[in-house]
Amino acid sequence: MAEFPELGDHCSYEHCKQLDFLPFSCDGCLKVFCYQHRGISSHHCTQEFVKLPAPIPDDKEKSYACLFAGCGSRELMPVQCEDCRRNYCLRHRHQQDHSCAKMQPVPEKMVKTAELVQHIQGKSCNLLV
């Protein structure tokens, strides 16, 4: 079996010295340790300075509020109405759901189609009963 002395590092803990291919560096003493001795208490780190992890950013800064009156929902992605260009949640994204000021009247052909669909659905419901 071939050895790779240039890969990995030996644990700096006095009684370990294990060759670790994925060593950890201590932020306090800047020494290299194996998985078992990576913690500050497990290798008895003498340095007071320990770099803390960066704070997790607040999600509210990256979310978009729904502008529908009284909603208050937030989305991670902007959901804009194509006509009024305002942000809404998924529930209020369609023109008829947020009473868009630029909403076009429904063409008469679509009204007749909707009536026909309602009529057909009414017949199919009666057949199922």
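Treat the numbers as computed from the prediction; the structure is a model and nothing was measured.

A.B. asks: Can you lay out the packing of aromatic side chains for me, pointing to particular residues and giving the numbers?
C.D. replies: Summed over all chains, the structure comprises one aromatic pair. In this arrangement the basic side chain of Arg38 is found over the ring face of Phe24, its NZ or CZ atom lying 5.4 Å from the centre.

A.B. asks: Explain the environment of Gly28 to me, using residue names and the numbers behind them.
C.D. replies: Among the structural elements, Gly28 can be located in the loop between strand 3 (24–25) and strand 4 (32–33). Residue class for Gly28 comes out buried when judged on its relative accessible area of 12%. Separated by 17 residues in the primary sequence, Gly28 and Cys45 place their C-alpha atoms 7.0 Å from one another.

A.B. asks: Can you lay out the state of the cysteines for me, pointing to particular residues and giving the numbers?
C.D. replies: Using the criterion set out here, one finds zero disulfides in the structure. Cysteine Cys11 shares no disulfide, and the gap to the nearest cysteine sulfur, in Cys34, comes to 3.7 Å. With a relative accessible area of 1%, Cys34 lands in the buried category.

A.B. asks: Before we move on, can you summarise the side chain of Asp20 with the specific residues and values?
C.D. replies: Of note, Asp20 is situated in strand 2 (residues 19–20). Buried charge without a partner: Asp20 forms no salt bridge, and the closest opposite charge is Arg38, 8.7 Å away. Separated by 2.9 Å, the side chain of Asp20 and the backbone nitrogen of Leu22 make a polar contact. Setting aside anything within four residues of it in sequence, one finds Asp20 in contact with Gly8, Asp9, Phe33, Cys34 and Tyr35.

A.B. asks: If you had to explain the nonpolar core to someone new, which residues and values would you point to?
C.D. replies: Counting residues in hydrophobic clusters, the biggest one holds six residues: Cys11, Tyr13, Cys26, Phe33, Cys34 and Cys45. Apart from residues no more than four positions distant in its own chain, Cys34 is found in contact with Cys11, Cys16, Gln18, Asp20 and Phe24. Counting residues in hydrophobic clusters, the runner-up holds five residues, among them Cys66, Tyr88, Cys89 and Cys100.

A.B. asks: Account for unusual backbone geometry, naming residues and giving values.
C.D. replies: For Lys17, which is not glycine, the phi dihedral falls at a positive 55 degrees. Structurally, Lys17 can be placed in the loop between strand 1 (9–10) and strand 2. Look at Lys17 and you get partly exposed, because its relative accessible area is 47%. Here the phi dihedral of His44 falls at roughly 55 degrees; this positive angle occurs in a residue that is not glycine. For His44, a relative accessible area of 56% corresponds to the exposed category.

Conventions and cut-offs
- The written sequence of each chain sets the order in which its residues are numbered from 1.
- A pLDDT threshold of at least 70 governs which residues receive local features in this predicted model, and a stricter bar of 80 or more applies before side-chain atom pairs are shown or counted, although totals over entire chains, interfaces and linings include all residues.
- Note: side-chain values were computed over all heavy atoms of the structure, leaving out hydrogens and water.
- Between 30 and 60 degrees the pair is tilted, below 30 it is stacked and above 60 it is edge-to-face, where a pair is any two Phe, Tyr or Trp rings, Trp via its six-membered ring, whose centres lie within 6.5 Å.
- Over a ring means this: the NZ of a Lys or the CZ of an Arg is within 6 Å of the ring centre and within 35 degrees of the ring normal.
- Helix and strand labels come from DSSP, where a helix needs a run of H or I of at least four residues and a strand needs a run of E of at least two; each type is numbered from the N terminus.
- Exposure categories follow from relative accessible area, calculated using a 1.4 Å probe and restricted to protein chains: below 20% of the type maximum is buried, above 50% is exposed, and the middle band is partly exposed.
- Any two cysteine sulfur atoms lying within 2.5 Å of each other are counted as a disulfide.
- A positive count includes Lys and Arg, and a negative count includes Asp and Glu. His and the chain ends are not counted in either.
- Any carboxyl oxygen of Asp or Glu that lies within 4 Å of a side-chain nitrogen of Lys or Arg is treated as forming a salt bridge with it.
- Side-chain atoms alone can form a polar contact between residues adjacent in sequence; in general such a contact is a pair of N or O atoms within 3.5 Å, and within protein one must be able to donate a hydrogen while the other accepts it.
- Residues count as neighbours in contact if any of their non-hydrogen atoms are within 4.5 Å of one another.
- Note on terminology: a nonpolar core comprises buried Ala, Val, Leu, Ile, Met, Phe, Trp, Tyr and Cys residues joined through side-chain atoms within 4.5 Å.

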